[in-house]
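Summary of the model geometry
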Amino acid sequence: MIETDTHPKLLAVPMLDFSREFAEIREEVLAAIAGVCESQRFILGPEVARFEAAAAEACGVPFAVGCASGTDALWLALTALKIGAGDAVVTTPFSFFATVSSILRVGAWPVLADIDERTFNLSAGAVEKVLGADVVGIMPVHLYGQCADITALTALARERGLKVVEDAAQAFGASWEGVKAGGLGDAAAFSFYPTKNLAAFGDAGMVSTRDEVVAERAKMLRQHGMRRRYYHDEVGWNSRLDTLQAAVLEVKLQRVEAGNRRRRELASLYNERFTAAGLVGKTTAEGVVLPFTDPRAEHVFHQYVIRAPKRDALREYLTAHSIGSEVYYPLVLSLQESLKFLGYKKGDFPVSEKAAEEVLALPIYPELRVEELESVVEAIRRFYA
Ligand SMILES: *Cc1c(COP(=O)(O)O)cnc(C)c1O
């Protein structure tokens, strides 16, 4: 019927498709892996130091220390800064679990503060209200690939002598007022989990810093607190960056800037198509709310996240049409079962709680095709029509 005339078939769009990038880098990355196998230098082989130097340069910092995961990078950064038992660290309830669990892992206490409604990042105003005497640090998360308001957070930190530890797991290559993520605080943690915008073929992470002492401590801590072999100065852990992963990351690092540029282009295209379809509103009462980019931030769109009216029903509709989407994150950290002992209750972080009900991440990766992006927007138009 008329259906078929005005409703061309929607394309299936995967939320992520790693095989597209792999097809492009196959020869190069397999050669890099073969090189490690031939050398048999699996633990802290030369690829690790080479990747660390290149990644530090890409982040505009003098030091980078590879480690086993983003979670470990957070733990290493905090421990290298000597944050531990008796200390409190302020962070956001609207993040991945590791942000808070790493603070607990070092024996410190996570104090949560609400987010900014537009950027989903830690609000400096909210942080200021919870700065008690035991607070020694602030851990902003550069959520979805946009840096938190480092200007305001750094001003607070300087006033009170606090450390700033960036959770930059989603923000490789992002910047704030021209300074790259990873160099905006006292130390930063990156994740190279396979879904991140710089991704290994498994778990991997990195600490970056401008402080030589912090870098040296992180290196010592990732190898059981050893400076000299079998002499343990401190109780560290085994959290080395695997050499095979470093070899993969060396190849992928060369592509991350172009990838981030493409992500920005695709985000603009999404914005344009949503606007052209008449779907956009200032709030979810009016329509789809597009991502907001602070003019001081260079966003890398690790995720392209809208606020959507009837979010869960929309997601079901997209899933039924084989269009990927994801909710980062459906339950704020303050209400997680395992964190009940922190003593928070529903209503404590209204901005975060509302975001958890409204956000929807749509497919975005450098290899996403324009027809696919258009199909995502068309499916959303049909859902609301
Ligand atoms: C992915 C992620 C982490 C944890 O990184 P892993 O490498 O998975 O351990 C921490 N924080 C945020 C915000 C993340 O997105």
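Just so it is clear, the model here is predicted, and its values are computed rather than measured. (Residues numbered from 1 in each chain as written. Predicted model: local features only at pLDDT ≥ 70, side-chain atom pairs only at ≥ 80, totals over all residues. Heavy atoms only, no water.)

Of all 5 residues in strand β9 (residues 205–209), 5 are buried; the element is thus mostly enclosed. Residues of β9 alternate between two faces, with Gly205, Val207 and Thr209 on one and Met206 and Ser208 on the opposite face, all of them buried. Two elements, strand β1 (residues 63–67) and β9, share 5 bridges in a ladder whose sense is antiparallel. Each residue of the ladder has a partner; that of Ala64, found in β9, is Ser208. Here strand β8 (residues 187–191) pairs with β9 via 4 bridges, running antiparallel. Opposite Ala189, over in β9, you have Val207 as the bridge partner. (Buried < 20%, exposed > 50% of the residue type's maximum accessible area, 1.4 Å probe, protein only. Helix = DSSP H or I, 4+ residues; strand = E, 2+ residues; numbered from the N terminus. Pairing = 2+ DSSP bridges.)

This part is about the sheet that holds strand β3 (residues 109–112). With mixed pairing, 7 strands are arranged side by side in an open sheet as β1-β9-β8-β5-β4-β2-β3. Both outer strands of the open sheet, β1 and β3, are each paired with one neighbouring strand and no more. Averaged over all adjacent pairs, the angle separating strand axes in this sheet is 25°, with direction ignored. Packing against the sheet, helix α4 (residues 70–80) makes contact with β1, β2 (88–91), β4 (135–139), β5 (163–167), β8 and β9, and its axis sits at approximately 170° to β8. (Axes fitted to C-alpha atoms, helices over the stretch in contact; angles between N-to-C directions. Contact = heavy atoms within 4.5 Å.)

A few words now on the environment of Val100. Relative to the helices and strands, Val100 resides in helix α5 (residues 98–105). Residue Val100 is classed as buried on the basis of its relative accessible area, which comes to 0%. Those residues in contact with Val100, other than ones at most four positions away along the chain, are Thr91, Thr92, Pro110, Leu112, Leu333, Leu339 and Leu342.

Positionally, Met220 belongs in helix α8 (residues 212–221). Each C-alpha atom, one on Met220 and one on His232, is 9.0 Å from the other, the two residues being 12 residues apart in sequence. Discounting chain neighbours no more than four positions away, the residues touching Met220 are Gly225, Met226, Arg227 and Glu234.

Where α4 meets α8, the closest approach of the two axes is 9 Å, and the angle between their N-to-C directions is 125°. Between α4 and α8, the crossing angle belongs to the class labelled oblique. The hand of the α4/α8 crossing is right-handed. Contacts between α4 and α8 involve Trp75, Leu76, Thr79 and Ala80 from the former and Val214, Arg217, Ala218 and Leu221 from the latter. Across the contact of α4 with α8, the residue classes break down as 6 nonpolar, 1 polar and 1 charged. (Parallel < 35°, antiparallel > 145°, perpendicular 65-115°, else oblique. Left-handed = near helix turned anticlockwise from the far one by under 90°. Nonpolar A, V, L, I, M, F, W, Y, C, P; charged D, E, K, R; others polar.)

In this section: the sheet that holds strand β12 (residues 297–298). The strand order across the open sheet built from 3 strands is β7-β6-β12, with neighbouring strands paired in antiparallel fashion. On the outer flanks of this sheet lie β7 (179–180) and β12, each paired with one strand and no other. Of the pairings in the sheet, the one linking strand β6 (residues 175–176) to β7 comprises 2 bridges and is antiparallel in character. The residue bridging Trp176 from the neighbouring strand is Val179, located in β7.

So, about the site of the ligand. Taken together, 15 residues are adjacent to the ligand, and Gly70, Thr71, Asp167, Ser191 and Lys196 come closest. A distance of 2.8 Å separates an oxygen atom of the ligand from a polar atom in the backbone of Gly70. Between the ligand and Thr71, the relevant distance is 2.5 Å, taken from an oxygen atom to a side-chain nitrogen or oxygen of the residue. Computed on the free molecule, the ligand has an accessible area of 380 Å², of which 93% lies beneath the protein chains in the complex. Mapped by element, the contributors of at least two residues to the shell around the ligand are α4 and α5. Looking at the shell around the ligand, its residues break down into 6 nonpolar, 7 polar and 2 charged. (Near = heavy atom within 4 Å. Polar contact = N/O pair within 3.5 Å; in protein donor to acceptor, adjacent residues only side chain to side chain. Areas by Shrake-Rupley, 256 points an atom, 1.4 Å probe, with all protein chains shown as cover.)

In terms of domain boundaries, the protein chain breaks down into domain 1 (21–250) and domain 2 (255–384). Between the C-alpha centres of domain 1 and domain 2 the distance comes to 25 Å. Tallying the contact residues gives 41 residues for domain 1 and 35 residues for domain 2. Overall, the association of domain 1 and domain 2 removes approximately 3500 Å² of surface from exposure, summing both partners, and the carbon and sulfur fraction of that is 62%. (Domains from an automatic or database assignment. Buried area = accessible area lost by both parts, 1.4 Å probe.)

The next subject is the side chain of Ser123. Tracing the sequence through the fold places Ser123 in the loop between β3 and α6 (124–129). Side-chain polar atoms of Ser123 contact the backbone nitrogen of Ala126, separated by 3.1 Å. Dropping the residues within four chain positions of it, Ser123 is found in contact with Asp114, Ile115 and Asp116.

Bringing empty space enclosed by the protein into the picture now. Counting across every chain of the model gives 2 cavities of 30 Å³ or more. Roughly 70 Å³ of internal volume is contained in the largest cavity. Lining the largest cavity we find 13 residues, and of these Phe120, Tyr144, Pro291, Phe292 and His299 sit closest to its centre. Class assignment for the residues of the lining of the largest cavity results in 8 nonpolar, 4 polar and 1 charged. Residues from two domains meet in the lining of the largest cavity; each of domain 1 (21–250) and domain 2 (255–384) gives at least three. A volume near 50 Å³ is recorded for the second largest cavity. Every residue along the wall of the second largest cavity is listed here: Met15, Leu16, Thr195, Arg263, His302, Gln303, Tyr328 and Ile364. In terms of residue class, the lining of the second largest cavity is made up of 4 nonpolar, 3 polar and 1 charged. (1 Å grid on protein atoms, 1.4 Å probe; cavity = no way out; pocket = protein on both sides within 12 Å on 5 of 7 lines; lining within 4 Å. Points joined across faces, edges and corners; volume = space filled by probe spheres on them.)

Moving on: the environment of Thr154. Secondary-structure assignment places Thr154 in helix α7 (residues 150–160). Here the alpha-carbon distance between Thr154 and Ala34, two residues 120 residues apart in the chain, equals 44 Å. A distance of 2.6 Å separates a polar atom in the side chain of Thr154 from the backbone oxygen of Ile150.

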